[in-house]
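# Working through the structure, step by step
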Amino acid sequence: MSDRPAPRKFGFETRMVHAGHVPDANTGARAVPIYQTTSYVFDSPDYAAQLFELKQYGNIYTRISNPTTAVFEERIASLEGATGALAVSSGMAAQFISLMTLLSPGDEVVASSHLYGGTVTQLKQTFQKLSVKVTLVDPHDFAAWERAITPKTRALYGETIGNPRGSIFDLEKFAGLAGAHKIPLFIDNTFATPYLCRPIEWGATIVLHSATKFIGGHGNAIAGVILDSGNFDFSRFPSIAAPSPSYHNLRFFDTFGHYGFLMKARAETVRDVGACVSPMNSFLLLQGLETLSLRMERHVGTARQIARYLSEHEQVAWVAYAGLPSHPDHALAQKYLPKGPGAVFSFGLKGEGAQVREDGKRFIESLHLFSHLANVGDVRSLVIHPASTTHQQLTDEELAACGVGPEMIRLSVGLENVEDLIWDLDQAFHALSRSIRA
Amino acid sequence: MGSRPGLSCSVTLNTSLTPEQRARFQDVDQINHLLDSAKTVAMVGLSSDRQKASFFVAGYLRDEGYRVVPVNPKADTILGEKAYPDVTSIPFPVDVVDIFRPPQDVDEIVNQVIARKEKGIDSPAIWMQLRIINLPAAERARAAGLTVIVDKCVKMEHGRYRGGLHFAGMNTEIISARKRKR
């Protein structure tokens, strides 16, 4: 019908810099403008009414949507192969808002026991206050998952790459389990990013990110994102399908179909909870996404070299990096993360009890390049001792279930020169052996 | 607005059509041309229930400047427009016949549209909404010289190319470094 070329499915790197942003008609601005505004003038009173009834597309208030944030949302949706996305104020907010949208009091969730400590706390404590029961199950014990699912189970939940033990979630297998029970599979893909793994391609329904980590990638903005595959039939879920009293009995799934879940999450849950992302942070996340593939290639390449170095070090008891053949999930990593299983992993110092706890602190104090802080996924290399920081609120049993011991040190490998990073670790090990001798 | 004709990105999400069927019934340029040129849209199966998807689509199209003609044998008027019992009864030309009826009802609707064309009344495009898929009827309409769109929502497609769908956080799949048209 025209002389244009055949429609093209553009590649990941192209979408990384273009998806979600067509230069606007008035200014032609090539970079994504920062719409630092709270609110938007209506065309007319009738048009405003249509907007408030969700009958018209458009912006009302930045708590609900924002033009800069929309570019980030569409771009990450494109990279994950999702039907759409909802950006929120943090990764924790992404979890909370997505589950709050789906669940009602009395519902249950079955989740992996290999999760970020903050997630475990939110699931087990905050959701318990809302009368939602979360059962944590070892991701390697498939039969235990089957046993844990009850008629009240509304979702399965896991992390592509578990934090901090580096276990790999068997996405295809758990998607099959979720599908057999007609419940959605929620996957936190923070450590992998869509460059290393796209859970929707393996059957996940909802994908979550702490965008604070590798997506932003520069340690300068807190944000989270919720993505929907658009493939799940929510008609059996009253929370999405039943008439909504706050929108004249609108039935979100019936009216919006494959984006009913995200519309409900945006127009009701975020509207009411208020955990919106700031436009400036959305801009910073976009800057991050534009170099995602380049950074992730370097992150995983350097992580692999450091993991190998540590695995051969005489002061190291173990290294939990699924990129190493010795890791129990190495085969899963090769299947789901062929480019490399991320750049966050942990290792254990040799020794036991109070002595190794002291050694861990001393090791961290001796480092010059690794920053001691509670974050991952920065251009800079980071280090932390989980037992005394990120996981300190967990009970001893939960700590053991997460595999966090006093000897564990977690690294987030940055983009520095790999030889400099190995030099830094090396001199910290020397400092440790000197102090042990002394 | 919308990117100018010649958009070359592949739009593949949220349809159950095969790539070959998409090329026949979801052509990006054809959809854009239709949205740009159409003025009158007959909506077959438009509900008078304000919370039904069809009512959302109708209100949206009216806001965006289209004349919406309800086709619903159970209604007198919807959104202030006189309703007709079927496509044959519409006494003036329409540009698009947008179908919100189950696939088995599409054959008869297509027959009526082809009959209108043969009588020289009009030659509207046939648009089957999301999940309303009747490919034999679509092929018949195509063979009769009609433009046919299948398994797409007219509101979402308008929103896709005019920017609104993007504001809702949806993946429009549009990739273009060209400035939007004013």
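What counts, and where the lines are drawn
Residues numbered from 1 in each chain as written. Chains lettered and ligands numbered in written order. Predicted model: local features only at pLDDT ≥ 70, side-chain atom pairs only at ≥ 80, totals over all residues. Heavy atoms only, no water. Pairing = 2+ DSSP bridges. Helix = DSSP H or I, 4+ residues; strand = E, 2+ residues; numbered from the N terminus. Contact = heavy atoms within 4.5 Å. Axes fitted to C-alpha atoms, helices over the stretch in contact; angles between N-to-C directions. Expected span 1.5 Å × (residues − 1). Buried < 20%, exposed > 50% of the residue type's maximum accessible area, 1.4 Å probe, protein only. Polar contact = N/O pair within 3.5 Å; in protein donor to acceptor, adjacent residues only side chain to side chain. Domains from an automatic or database assignment. Buried area = accessible area lost by both parts, 1.4 Å probe. Salt bridge = Lys/Arg side-chain N within 4 Å of Asp/Glu carboxyl O. Phe/Tyr/Trp six-rings, centres within 6.5 Å; stacked < 30°, edge-to-face > 60°. Lys NZ or Arg CZ within 6 Å of the ring centre and 35° of its normal. Parallel < 35°, antiparallel > 145°, perpendicular 65-115°, else oblique. Nonpolar A, V, L, I, M, F, W, Y, C, P; charged D, E, K, R; others polar.

### Points about the sheet that holds strand E5 (residues 96-99) of chain B
Residues and elements named next belong to chain B.
- Reading across the sheet, the five strands line up as E2-E1-E5-E6-E7 and stay open at both edges, with parallel pairing between neighbours. Here the strands that pair on one side only, and so sit at the sheet edges, are strand E2 (67-71) and strand E7 (148-149).
- Pairing of strand E6 (residues 125-128) with E7 involves two bridges; the strand directions are parallel. Its bridge partner being in E7, Trp127 is matched across the sheet by Ile149.
- Together, strand E1 (40-44), E5 and E6 form the strand contacts of helix H4 (residues 103-118), whose direction differs from that of E5 by roughly 170°.

### Some words on helix H4 (residues 91-102) of chain A
Residue and element names in this part refer to chain A.
- Between its terminal C-alpha atoms H4 stretches 17 Å, which fits the 16 Å expected from 12 residues at 1.5 Å a residue.
- The buried fraction of H4 amounts to 10 of the 12 residues, a majority that puts the element mostly inside the structure.
- Along H4, the residues classified as buried are Gly91, Ala93, Ala94, Gln95, Phe96, Ile97, Ser98, Leu99, Thr101 and Leu102.
- Between a side-chain oxygen at the N-terminus of H4 and the backbone nitrogen of Met92 the separation is 3.4 Å; the capping residue is Ser90.

### What about the domain arrangement of chain A?
All names here are of chain A.
- Partitioning chain A into structural domains gives domain 1 (12-289) and domain 2 (292-437).
- For domain 1 and domain 2, the distance between their C-alpha centroids amounts to 29 Å.
- Domain 1 puts 43 residues into the contact, and the matching count from domain 2 is 43 residues.
- When the two sides are added together, the surface that domain 1 and domain 2 hide from each other amounts to roughly 3,400 Å², 62% of it contributed by carbon and sulfur.
- At the surface where domain 1 touches domain 2, the tally comes to one salt bridge.
- The salt bridge partner of Lys335 is Glu172, with a shortest N-O separation of 2.6 Å.

### Regarding the side chain of A:Lys55
- Note on placement: A:Lys55 falls in the loop between helix H2 (45-52) and helix H3 (67-80).
- Apart from the residues lying within four places of it in its own chain, the contact partners of A:Lys55 are A:Gln50, B:Arg50, B:Phe55, B:Phe56, B:Tyr60 and B:Lys155.

### Looking at the environment of A:Asn375
All names here are of chain A.
- Residue position: Asn375 is located in the loop between strand E10 (371-372) and strand E11 (382-384).
- A C-alpha to C-alpha distance of 8.6 Å links Asn375 and Thr212, two positions 163 residues apart in sequence.
- The residues touching Asn375, leaving out its near neighbours within four places in the chain, are Thr212, Lys213, Gly219, Leu382 and Arg410.

### What to know about the packing of aromatic side chains
- Taken as a whole and judged by the stated rule, the model has 25 aromatic pairs over all chains.
- With centroids separated by 5.4 Å and ring planes inclined at 70°, the aromatic side chains of A:Tyr57 and B:Tyr60 adopt a geometry described as edge-to-face. One end of the pair, A:Tyr57, is in the loop between H2 and H3; the other, B:Tyr60, is in helix H3 (residues 53-63), on a second chain.
- Residue classification places B:Tyr60 among the buried positions, given a relative accessible area of 2%.
- Grouping aromatic residues by their ring pairs yields a cluster made of A:Phe232, A:Phe234, A:Phe237, A:Phe253 and A:Phe261.
- Seen from the ring of B:Tyr84, B:Lys82 lies directly overhead, with NZ or CZ sitting 5.1 Å from the centre.
- Over the face of the ring belonging to B:Phe25 we find B:Arg142, whose NZ or CZ atom lies 5.9 Å from the ring centre.

### Details of unusual backbone geometry
Residue and element names in this part refer to chain A.
- With phi around 55°, Lys182 is a residue other than glycine that occupies positive phi space.
- Assignment of secondary structure puts Lys182 in the loop between helix H7 (171-180) and strand E5 (185-188).
- Even without being a glycine, Asn249 presents a positive backbone phi close to 65°.
- For Asn249, the location among the structural elements is in the loop between helix H9 (238-241) and helix H10 (252-256).
- The exposure class of Asn249 is partly exposed, given its relative accessible area of 44%.

### Concerning the environment of A:Val344
All names here are of chain A.
- Its location among the elements puts Val344 in strand E9 (residues 344-349).
- Take Val344: its relative accessible area is 5%, and that puts it in the buried class.
- As a C-alpha pair, Val344 and Ala303 span 41 residues in sequence and 7.6 Å in three-dimensional space.
- Excluding anything up to four places from it in sequence, Val344 contacts Phe191, Phe214, Val376, Arg410, Leu411 and Ser412.

### Comments concerning the packing of H4(B) against helix H5 (residues 135-143) of chain B
Residues and elements named next belong to chain B.
- At a minimum axis separation of 9 Å, H4 and H5 run at an interaxial angle of 10°. As the angle between them shows, H4 and H5 are arranged roughly parallel. Side by side, H4 and H5 meet where Val106, Asp107, Val110, Asn111 and Ile114 of the first sit next to Ala137, Arg140 and Ala141 of the second.
- Taken together, the residues of the contact of H4 with H5 sort by class into five nonpolar, one polar and two charged.

### Side note on the pairing of strand E1 (residues 84-88) of chain A
Residues and elements named next belong to chain A.
- E1 sits mainly inside the fold: five of its five residues count as buried.
- Side chains Gly84, Leu86 and Val88 project from E1 onto one buried face, and the interleaved Ala85 and Ala87 project onto a second face that is buried too.
- Where E1 and strand E7 (residues 224-228) come together, five bridges link them in antiparallel fashion. Bridged to Ala87 within E7 is Val225.

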